[in-house]
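One-letter residues, chain by chain:
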Amino acid sequence: MSIQKVMVIGAGQMGSGIAQVCAQAGYDVTLNDLKGEFVERGLSSIEKNLARAVEKGRMSADEKDQATGRLSSSTDLHDAKGVDLVIEAAVENMDIKKTIFAQLDEIAPEHTILATNTSSLPITEIAAATNRPQQVIGMHFMNPVPVMKLVEIIRGLATTDEVYAAIEDMTNKLHKTPVEVEDFPGFVANRILMPMINEAVYTLYEGVASKEDIDSVMKLGMNHPMGPLTLADFIGLDTCLYIMETLHEGFGDDKYRPCPLLRKYVKAGWLGRKTGRGFYEY
């Protein structure tokens, strides 16, 4: 099962990062989003990242030009007609993802693998929107994609060994480390990370310590590179809340109940770095 041409759906921070590492690894990449301006913004972000890598001596100007030359833009899902793999990195919403996958199932060639970068949603349910559940798989990259080495590869109920092996091989070619994960809510990364962040929010909510001191405890006491409240702002509080709700619903266990303060901030529109205010102001 050979993968040469890739479409990435969603030109935001995750999608553009995925497109970048695929292009750097020698794949022909089509970056797709709903509007041309979104795609151009994503391509501009890739250009800046690669230019910075050249400045720091991590790659040559020729390697940069080769990578950017492998990138093309798209605002039409029908451009999936000529690809071997689609990696969906759209918003973390089950209805939206199922709609995209149902459309891709109609458009993409029979051999095409359909992957999702979901951070918490069930692969099996997404796959059920298609007539090729055996070719649907989770490929959860970490943020920021060009820097972080881990990719969680999640099998759906019907995912074949051949499809898993093809995605594992590609992950290695991207110079990432693949980890095999079963299809449970939150997988591994967010099942462990998000309750920790949620507990940090509870600690702030209950007045145990200030946000700065909570972050300092985890940085200096646990050797974390970033405190949990700073990390929540970086991820996006709306995303954190959505994942906690997915865990709460998926397991039916109150230990995953989102903190009321997290809900309040999201309702206020304080979503973190992307809105200029979360637990901290930016």
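What counts and how
Residues numbered from 1 in each chain as written. Predicted model: local features only at pLDDT ≥ 70, side-chain atom pairs only at ≥ 80, totals over all residues. Heavy atoms only, no water. Helix = DSSP H or I, 4+ residues; strand = E, 2+ residues; numbered from the N terminus. Buried < 20%, exposed > 50% of the residue type's maximum accessible area, 1.4 Å probe, protein only. Contact = heavy atoms within 4.5 Å. Domains from an automatic or database assignment. Buried area = accessible area lost by both parts, 1.4 Å probe. Salt bridge = Lys/Arg side-chain N within 4 Å of Asp/Glu carboxyl O. Pairing = 2+ DSSP bridges. Axes fitted to C-alpha atoms, helices over the stretch in contact; angles between N-to-C directions.

Student: So, the overall build of the chain: which residues are in play, and what are the values?
Tutor: A tally of helices and strands in the chain yields eleven helices and eight strands. Its C-alpha atoms put the chain at 55 × 45 × 30 Å along the principal axes. Looking at the chain as a whole, 47% of its 282 residues qualify as buried. Considering only contacts in the chain between residues 6 or more positions apart, those separated by 24 or more positions represent 67%.

Student: Describe the domain arrangement of the chain, with residues and values.
Tutor: Split into domains, the chain comes out as domain 1 (5-182) and domain 2 (190-275). Computed over C-alpha atoms, the centres of domain 1 and domain 2 are 27 Å apart. Across the boundary between the two partners, domain 1 contributes ten residues, which contact five residues of domain 2. At the boundary of domain 1 with domain 2, total buried surface from both sides reaches about 570 Å², with 55% on carbon and sulfur atoms. Seen at the junction of domain 1 and domain 2, the total is zero salt bridges.

Student: Before we move on, can you summarise the sheet that holds strand S2 (residues 28-32) with the specific residues and values?
Tutor: Ordered by their spatial adjacency, eight strands build an open sheet running S3-S2-S1-S4-S5-S6-S7-S8, and the pairing between neighbours is mixed. Because the sheet does not close on itself, it has two edges, and the strands there are strand S3 (71-74) and strand S8 (177-181). Neighbouring strand axes in the sheet, compared pairwise and without regard to direction, differ in orientation by 25° on average. Relative to strand S6 (residues 136-141), strand S5 (residues 113-116) is paired through three bridges, and the arrangement is parallel. Bridging across to S6, Ala-115 finds its partner in Ile-137. With respect to the sheet, helix H2 (residues 36-55) is in contact with S2 and S3, its orientation differing from that of S3 by roughly 160°.

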